[in-house]
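Each chain, letter by letter, is given below.
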Amino acid sequence: MDILFVVDDSGSMGEEQANLTKNFPAFVKVLNEFKTKSGTAIDYRVAVTTTGRDVSYTIQVDNPFGGPPIVQKQSEKGDNGAFRGAGKCSVKERWLDKANANVSKDFACLASVGTSGPSLEMPLETIKLSLVDRVNDGTNKGFRREDALLAVVVITDENDCSRGDNNFTVKNGDCED
């Protein structure tokens, strides 16, 4: 099984990230103890990315005092679907697997993505970036195996604002324009 965790790294996610890393060892235990119908253990890989991508946009908010709307340009940087790892947290690859003796500890490190990422969460777009664009450019190549099931786990506290374009306008905090 290939498992992709997409973790929201926006400002409101500190508590959720802590909860994820605290409970991940129980998840690993379930994976390690699981047996297929034939009685064999499953082989798994786990990768982590965030909900952020490089994006430029404009926020437009109604002026509470009347007059023209308040407009502010934004430019934010994200992981663009690249898996965390490969030199971070003493991880050699861009993913963890069952053979990793410290999978829970290393996952906790990789999944502690911080809270300074883009404020427009785009988990569906970053899933596509992870599994298509970053595979095609070689960044995440080798993670997906033909014979493995794919599971995607999204950890966020916001609605999905996925889109692939730039230079759009967000009005009154709604990511739909």
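Procedures and definitions
- Residues numbered from 1 in each chain as written.
- Predicted model: local features only at pLDDT ≥ 70, side-chain atom pairs only at ≥ 80, totals over all residues.
- Heavy atoms only, no water.
- Helix = DSSP H or I, 4+ residues; strand = E, 2+ residues; numbered from the N terminus.
- Buried < 20%, exposed > 50% of the residue type's maximum accessible area, 1.4 Å probe, protein only.
- Pairing = 2+ DSSP bridges.
- Axes fitted to C-alpha atoms, helices over the stretch in contact; angles between N-to-C directions.
- Salt bridge = Lys/Arg side-chain N within 4 Å of Asp/Glu carboxyl O.
- Parallel < 35°, antiparallel > 145°, perpendicular 65-115°, else oblique.
- Left-handed = near helix turned anticlockwise from the far one by under 90°.
- Contact = heavy atoms within 4.5 Å.
- Nonpolar A, V, L, I, M, F, W, Y, C, P; charged D, E, K, R; others polar.
- Phe/Tyr/Trp six-rings, centres within 6.5 Å; stacked < 30°, edge-to-face > 60°.
- Expected span 1.5 Å × (residues − 1).
- Bend = angle between axes of the 7 residues up to and from the residue.

**Structural notes on the overall build of the protein chain**
- A tally of regular secondary structure across the protein chain gives 3 helices and 7 strands.
- Helices and strands in the protein chain line up, N terminus first, as β-α-β-β-β-β-α-α-β-β.
- Taking all 177 residues of the protein chain together, the buried fraction comes to 40%.

**Observations concerning the pairing of strand E3 (residues 55–61)**
- In this structure, E3 lies alongside strand E4 (residues 70–76), joined through 7 bridges in antiparallel fashion. Considered in E4, the bridge of valine 55 is made with glutamate 76.

**Remarks on the sheet that holds E4**
- Strands sit in the order E4-E3-E7 across an open sheet of 3 strands; the sheet is mixed. Two strands close off the open sheet at either side, each with one partner strand: E4 and strand E7 (168–171). Direction aside, the axes of adjacent strands within the sheet are offset by 30 degrees on average.

**Thoughts on the pattern of salt bridges**
- Tallied over the entire structure, the rule returns 9 salt bridges.
- Across the pair lysine 77 and aspartate 54 runs a salt bridge, and its minimum N-O distance is 3.9 Å. Placement of the pair is lysine 77 in the loop between E4 and strand E5 (96–97) and aspartate 54 in the loop between strand E2 (45–50) and E3, with a sequence separation of 23 residues.
- Judged by its relative accessible area of 30%, aspartate 54 is partly exposed.
- The partner of arginine 134 in a salt bridge is aspartate 137, with the nearest N and O atoms 2.8 Å apart.
- Residue class for arginine 134 comes out buried when judged on its relative accessible area of 16%.
- Here aspartate 137 falls in the partly exposed class, since its relative accessible area comes to 44%.
- One continuous salt-bridge network, built from bridges that share partners, spans Asp2, Asp43, Arg144 and Arg145.

**Remarks on the packing of helix H1 (residues 14–33) against helix H2 (residues 103–111)**
- Two elements in contact, H1 and H2, have axes separated by 9 Å at closest approach and are oriented at 155 degrees. Between H1 and H2, the interaxial angle falls into the category roughly antiparallel. Crossing handedness for the pair H1 and H2: right-handed. Along the contact surface, H1 presents Gln17, Leu20, Thr21, Phe24, Pro25 and Val28, while H2 presents Val103, Ser104, Phe107, Ala108 and Ala111.
- Taken together, the residues of the contact of H1 with H2 break down into 8 nonpolar, 3 polar and no charged.

**Concerning the packing of aromatic side chains**
- Inspection of the entire model under this criterion finds 8 aromatic pairs.
- Both rings, one in tyrosine 57 and one in phenylalanine 168, keep their centres 5.6 Å apart while their planes meet at 10 degrees; by these two values the pair is stacked. In this pair, tyrosine 57 sits in strand E3 while phenylalanine 168 sits in strand E7, placing the two residues 111 residues apart along the sequence.
- Given a relative accessible area of 3%, tyrosine 57 falls into the buried group.
- Overall, phenylalanine 168 belongs to the buried group, its relative accessible area being 4%.
- Between phenylalanine 83 and phenylalanine 143 the ring centres are 5.0 Å apart and the planes differ by 70 degrees, which places this aromatic pair in the edge-to-face class.

**Details of helix H3 (residues 123–136)**
- Here H3 contains 14 residues, and its C-alpha end-to-end distance of 19 Å stays within 8% of the 20 Å for a straight helix at 1.5 Å per residue.
- At leucine 129, H3 shows its strongest bend, of approximately 40 degrees.
- Taken together, the buried positions of H3 are Pro123, Glu125, Thr126, Ile127, Leu129, Ser130 and Arg134.
- Lining the buried residues of H3 we find strand E1 (2–7), E2 and strand E6 (150–155).
- The positive-phi residue at the C-terminal boundary of H3 is glycine 138, with phi of around 95 degrees.

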